[in-house]
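Here is how the chains run, residue by residue.
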Number of protein chains: 2
Amino acid sequence: MSDARLTSLAASLPATVPFVGPEAQERAAGRPFAARIGANESVFGPSPRAIAAMAAASEHVWQYADPENHDLRAAIAAYHGVPPENIAIDAGIDTLLGLLVRLTVAAGDKVVTSAGAYPTFNFHVAGFGGELVTVPYNDDHEDPAALIAKAAEVQAKLIYIANPDNPMGTWHSADVIQRMIDAVPAGSLLVLDEAYIELAPEGTAPDLHPEEERVIRMRTFSKAYGMAGARVAYAIGPAGLIAAFDRVRNHFGMNRTAQIGALAAIQDQAWIDHVRARVTVARNRIADIAADNGLSVLPSATNFVALDCGQDGAFARRVLDSLIKDGIFVRMPGVSPLNRCIRVSAGTTADLDAFAAALPKAIAAANQGA
Amino acid sequence: MSDARLTSLAASLPATVPFVGPEAQERAAGRPFAARIGANESVFGPSPRAIAAMAAASEHVWQYADPENHDLRAAIAAYHGVPPENIAIDAGIDTLLGLLVRLTVAAGDKVVTSAGAYPTFNFHVAGFGGELVTVPYNDDHEDPAALIAKAAEVQAKLIYIANPDNPMGTWHSADVIQRMIDAVPAGSLLVLDEAYIELAPEGTAPDLHPEEERVIRMRTFSKAYGMAGARVAYAIGPAGLIAAFDRVRNHFGMNRTAQIGALAAIQDQAWIDHVRARVTVARNRIADIAADNGLSVLPSATNFVALDCGQDGAFARRVLDSLIKDGIFVRMPGVSPLNRCIRVSAGTTADLDAFAAALPKAIAAANQGA
């Protein structure tokens, strides 16, 4: 629009959005997807205890949520063995990233991330007038040393890394990430997005030192906890920085039912063990399906697998388009050479049966050209 | 905190928050409130159909919500008889106000509101570096002519008015508000907060002309719809401005269960009729309780009543403190002379019985001094 009442920053922002939802694709196709394995949602669902707590809370939704998130914050703090003052809760990592960018990035400030990493972070940086500086992935991994070097070079306010990574599913060990934290330049803050950490091998997350001033860590109930639609996530960081979120967050922004569900969910770690086992089975199955089609997958520490289609981005795009046409919702990385892959979320047996049935046809269609 | 990594704006913001939640007061007191009638929540709850829809949706919360809010947006548009392109949905009016301020208010821009009006709007204006300019209430009503005159004088980007008003419960007729819209100065935008409109008499809301460039209207599921904890609200405005929200909003920020609940709620207008009747009974009861104590109430077009304690703000504060000590959660306006009142939400019979029992003691205590 050309509305003279918008700020110059708002007027300059593009109308594009980070992700199109599967529902929009379903409406365009006129039918639902047969398998919803594109957004790294947990098809295995939330803890039955969380479901029961949320269902029971429905009639009480006339009450605002506790703006201090007191009980959930205490439970998360206890689970991690850190003080509640080091925990900020909000409506998903997207919200926390937006608030953090708002707190730290003024117009023209530099922010470093990897080319092809999480687009919603980039959306927030652009939305507050920050300047994104990217470094390439290295062998399908984000490159901690290159990120740090670039941050020092451009005096970045923020450095973003996801460990495990999305969209590739690869990861670095805790000691690599700890060395990265130790190397954060003065004036910079490392945003360590650990959305998938519960699904990674032991030894992937560095120990929590919440008063470490160089890093803020993001965790979520959207992935292993199976509550993407609830919008609950938290940041772990130094108490001073965590308190700053209170200056700008929507204090009454949390859904009360989600708050109650997350409290039940974090207290049912047996469910996370169950999800981990199911995800492992699904990851192996996706690898088998790939192998049946002469393709390989990248190792994954997440609830999705990057399946290497073996050619260029245009070829992978044709595979993806054919899958979507066949009712299989999947996504793919946006940047070369990552975009030789498609990204397949851990599905149920039925989801992956449908994927297995559709993939050979999709590869054949892709081989025949656009 | 003194963190050199904060923006200068963020570093300048106060640590104070607009509202303390009742849960924090309960934790401090070590016991729950007997009556929760302070936050204008609807104790009558949401539509039973909405409750059932939300309970059933709990197990599906592993899915993100549709980021386009397609079905809910279509239902809201159909209900109002306007195109969906004129509707922006987000997580409560607070979120919509924050986005609108972000889109339109740059550092130093002026914003006009009434002294004592909704503090969360002011929180957002300050949070984006805007400068608040206030005009006084006139006879316990917001003053449309004074707001418009001040906006013209200071070249305000935004003008805020709530009709019906919070915290006083008073209202202007549709023709007064329409004249206000017609008088908005060039370069300004009127934010017409109609959070309580479903509880107001016929003839309070001006006709909807969604392409009217001078106004954006805010509606919510938090009040009459009884879903404050769900966080669902919408703005009605010109399509160009509505589209601008897409540039900055969290596209996947909506709670999926809330989205489903709101869709069921708007399709059950019989429930709103029921709530209206219950609210009327409760308003009358609050007036009776006031009269029994020699006090009067302001007329109200909302689900709360401003009870005039008949003396100054310090006296009303003592009444309020005593009520809270006695387990009655109520709030009061923050600015003189509004703060001679306490604000009591429409409660159940049991809530108002508890209030009736506590009020004489609170007045006696207030008369004895602090």
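Bear in mind the structure is a predicted one, so any value in this text is a computation, not a measurement.

**Points about the domain arrangement of chain A**
Residues and elements named next belong to chain A.
Turning to step 1, where the next piece is worked out: In terms of domain boundaries, chain A breaks down into domain 1 (20-45 + 270-367) and domain 2 (48-267).
Turning to step 2, where the next piece is worked out: Spacing between the C-alpha centres of domain 1 and domain 2 amounts to 25 Å.
Turning to step 3, where the next piece is worked out: Contact with domain 1, which involves 25 residues of that partner, is made by 23 residues of domain 2.
Turning to step 4, where the next piece is worked out: Both sides together, the interface formed by domain 1 and domain 2 hides about 2000 Å², and carbon and sulfur atoms give 67% of it.
Turning to step 5, where the next piece is worked out: Interface area lost by domain 1 to domain 2 is led by I272, A301 and L338, which between them contribute 28%.
Turning to step 6, where the next piece is worked out: Inspection of the domain 1/domain 2 interface yields 1 salt bridge.
Turning to step 7, where the next piece is worked out: Its salt-bridge partner being R340, residue D140 comes within 2.6 Å of it at the nearest N-O pair.
Turning to step 8, where the next piece is worked out: The interface formed by domain 1 and domain 2 holds 8 residue pairs in polar contact (both at pLDDT 80 or more) in total.

**Some thoughts on the environment of I197 of chain B**
Residues and elements named next belong to chain B.
Turning to step 1, where the next piece is worked out: In this structure, I197 sits in the loop between β6 (189-193) and β7 (215-220).
Turning to step 2, where the next piece is worked out: Residue classification places I197 among the buried positions, given a relative accessible area of 10%.
Turning to step 3, where the next piece is worked out: Taking the C-alpha atoms as reference points, I197 and I236, separated by 39 residues in sequence, lie 14 Å from one another.
Turning to step 4, where the next piece is worked out: In this structure, I197 is in contact with N163, P164, T204, A205 and R219, ignoring residues within four places of it in sequence.

**Quick notes on the relation of the copies chain B and chain A**
Turning to step 1, where the next piece is worked out: Least-squares fitting of chain B to chain A yields an RMSD of 0.0 Å, with the superposition described by an axial translation of 0.0 Å and a rotation of 180°. Put plainly, the chains are arranged around a two-fold axis. The rotation axis passes nearest to the C-alpha of A55 of chain B in chain B, at a distance of 2.0 Å.
Turning to step 2, where the next piece is worked out: Interface residue correspondence from chain B to chain A reaches 100%, placing this contact among same-surface, isologous pairings.

**Some details on the UniProt feature "domain: Aminotransferase class I/classII large" (unreviewed entry) in chain A**
Turning to step 1, where the next piece is worked out: The UniProt record annotates "domain: Aminotransferase class I/classII large" (unreviewed entry) at residues 38-359 of chain A.
Turning to step 2, where the next piece is worked out: Its end C-alpha atoms 14 Å apart, residues 38-359 of chain A is made of 39% helix and 15% strand.

**Observations concerning the pattern of salt bridges**
For side chains bearing opposite charge, pairing can occur when the charged atoms are close.
Turning to step 1, where the next piece is worked out: Applying the stated criterion across every chain, the model contains 43 salt bridges over all chains.
Turning to step 2, where the next piece is worked out: Note that R214 of chain A and E212 of chain A form a salt bridge whose closest N and O atoms lie 2.7 Å from each other.
Turning to step 3, where the next piece is worked out: Given a relative accessible area of 29%, R214 of chain A falls into the partly exposed group.
Turning to step 4, where the next piece is worked out: A cluster of three or more residues bridged by salt bridges with shared partners is formed by D3 and R5 of chain A together with E213 of chain B.

**Topic: the pairing of strand β12 (residues 341-345) of chain A**
Residue and element names in this part refer to chain A.
Turning to step 1, where the next piece is worked out: For β12, a buried count of 5 out of 5 residues is recorded, marking the element as mostly surrounded by other parts of the structure.
Turning to step 2, where the next piece is worked out: Residues of β12 alternate between two faces, with C341, R343 and S345 on one and I342 and V344 on the opposite face, all of them buried.
Turning to step 3, where the next piece is worked out: For strand β10 (residues 304-308) and β12, the ladder comprises 5 bridges, and the chain directions are antiparallel. By the bridge assignment for β12, L307 is matched with I342.

**Considerations on the interface of chain B and chain A**
Turning to step 1, where the next piece is worked out: Taken together, the contacts link 79 residues of chain B with 79 residues of chain A.
Turning to step 2, where the next piece is worked out: With both sides pooled, the region where chain B packs onto chain A buries about 6500 Å², and carbon together with sulfur makes up 56% of that total.
Turning to step 3, where the next piece is worked out: Across the salt bridge formed by E68 of chain A and R27 of chain B, the nearest N and O atoms sit 3.0 Å from each other.
Turning to step 4, where the next piece is worked out: Where chain B touches chain A, the interface holds 47 residue pairs in polar contact (both at pLDDT 80 or more).
Turning to step 5, where the next piece is worked out: Taken together, the elements giving at least two residues each to the side of chain B that touches chain A come down to α1 (8-12), α2 (22-29), α3 (48-57), α5 (93-104), α6 (119-127), α9 (239-244) and α10 (256-266) of chain B.
Turning to step 6, where the next piece is worked out: When residues in the side of chain B that touches chain A are grouped by element, the largest group, 5 residues, is from α5 of chain B.
Turning to step 7, where the next piece is worked out: Residue composition of the side of chain B that touches chain A, grouped by class: 37 nonpolar, 21 polar and 21 charged.

**Things to note about the packing of helix α3 (residues 48-57) of chain A against helix α10 (residues 256-266) of chain A**
Residue and element names in this part refer to chain A.
Turning to step 1, where the next piece is worked out: Relative orientation of the contacting elements α3 and α10 amounts to 155°, with a least axis distance of 8 Å. Taken together, the axes of α3 and α10 are roughly antiparallel relative to one another. In this structure, α3 meets α10 at a crossing whose hand is right-handed. Between α3 and α10, the residues in contact are R49, A50, A53, M54 and A57 and R256, T257, I260, G261, A264 and A265, respectively.
Turning to step 2, where the next piece is worked out: Residues that form the contact of α3 with α10 fall into these classes: 7 nonpolar, 2 polar and 2 charged.

About the criteria used
- Residues numbered from 1 in each chain as written.
- Chains lettered and ligands numbered in written order.
- Predicted model: local features only at pLDDT ≥ 70, side-chain atom pairs only at ≥ 80, totals over all residues.
- Heavy atoms only, no water.
- Domains from an automatic or database assignment.
- Contact = heavy atoms within 4.5 Å.
- Buried area = accessible area lost by both parts, 1.4 Å probe.
- Salt bridge = Lys/Arg side-chain N within 4 Å of Asp/Glu carboxyl O.
- Polar contact = N/O pair within 3.5 Å; in protein donor to acceptor, adjacent residues only side chain to side chain.
- Helix = DSSP H or I, 4+ residues; strand = E, 2+ residues; numbered from the N terminus.
- Buried < 20%, exposed > 50% of the residue type's maximum accessible area, 1.4 Å probe, protein only.
- Least-squares fit on C-alpha atoms with pLDDT ≥ 70 in both.
- UniProt positions renumbered as here; feature names shortened; annotations may be inferred.
- Pairing = 2+ DSSP bridges.
- Nonpolar A, V, L, I, M, F, W, Y, C, P; charged D, E, K, R; others polar.
- Axes fitted to C-alpha atoms, helices over the stretch in contact; angles between N-to-C directions.
- Parallel < 35°, antiparallel > 145°, perpendicular 65-115°, else oblique.
- Left-handed = near helix turned anticlockwise from the far one by under 90°.

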